[in-house]
Amino acid sequence: MFAQPTHFTAGATGRWQITSIEPIIGGALPPAERLAVGPPGHGAWQLSGIASNLRYTTADERDALQPVSAPLDRREALHGVLIPISKSSAWWALAQDERRAIYARSGHFSIGHEYLPEVARKLYHCRDLGGEFDFLTWFEFAPEHEGAFDKLLKRLRETEEWRHVAREVEVRLVRLPDTEAPKPGE
């Protein structure tokens, strides 16, 4: 059985209101009002990715993450951020162990671990789906943890690993109350 892609569709409907779309490196994404996460949809743009097996995380790291990782869709996590990322051709020319070594030297795991459980996260792989990005990173957190999330991003963007990012867009979101979110098919 194959994993099914998750689709992030920006348009006029969706549970998340888009508050900003900022190109960090490279081109932006078209403007849109809302973002729907789930099955395929129609809108200004759609990005798709698969929540795959852990590719850069060791067993010890996985075991350290599990007890402190918060689930997505927590009641208090009203802010979200979608960050599509493409890595450079030089990154993909490296062997898997060379990429893992950069990831480890950059402290990606230890930096991220410091912000758990306040910041929930999920990584979607999309390089093999033929889209314009290699990864879709999804984060959710309570409004009072936005400053901590900003520090997390700043620290990650200062690492050796981030020198291999060729394109990055930051999409900030606020979750709408269930009464405001359009129901499927509306």
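This one's a predicted model, so the numbers in the text were calculated from it and none came from an experiment.

*Asks:* Describe the sheet that holds strand S7 (residues 135–141), naming the residues involved and giving the relevant values.
*Replies:* Taken together, eight strands build an open sheet; the order of strands is S4-S1-S3-S2-S8-S5-S7-S6 and the sheet is antiparallel. Edge positions in the sheet fall to strand S4 (45–49) and strand S6 (120–125), since each of these pairs with one other strand and no more. Averaged over all pairs of adjacent strands, the angle between strand axes in this sheet comes to 25°, irrespective of strand direction. Taken together, the seven bridges between strand S5 (residues 79–87) and strand S8 (residues 165–175) define a ladder with antiparallel strand orientation. Counted as the bridge partner of His 79 is Val 174 from S8. Contacts from helix H5 (residues 146–157) reach strand S2 (16–25), S5, S7 and S8 within the one sheet, and its direction differs from that of S8 by about 175°.

*Asks:* I'd like to hear about H5, residue by residue, with values.
*Replies:* Along its twelve residues, H5 runs 16 Å from first to last C-alpha, staying within 8% of the 16 Å computed at 1.5 Å per residue. Taken residue by residue, H5 has Phe 149, Leu 152, Leu 153 and Leu 156 as its buried positions. Viewed along the axis of H5, the buried residues span an arc of 95°, placing them on a single side of the element. Across H5 from its buried face, at more than 90 degrees, point the exposed residues Lys 151 and Lys 154. Among the structural elements, S5, helix H4 (108–113), S7 and S8 are those in contact with the buried residues of H5.

Thresholds, definitions, all that
Residues numbered from 1 in each chain as written. Predicted model: local features only at pLDDT ≥ 70, side-chain atom pairs only at ≥ 80, totals over all residues. Heavy atoms only, no water. Pairing = 2+ DSSP bridges. Helix = DSSP H or I, 4+ residues; strand = E, 2+ residues; numbered from the N terminus. Axes fitted to C-alpha atoms, helices over the stretch in contact; angles between N-to-C directions. Contact = heavy atoms within 4.5 Å. Expected span 1.5 Å × (residues − 1). Buried < 20%, exposed > 50% of the residue type's maximum accessible area, 1.4 Å probe, protein only. Arc of directions from axis to C-beta.

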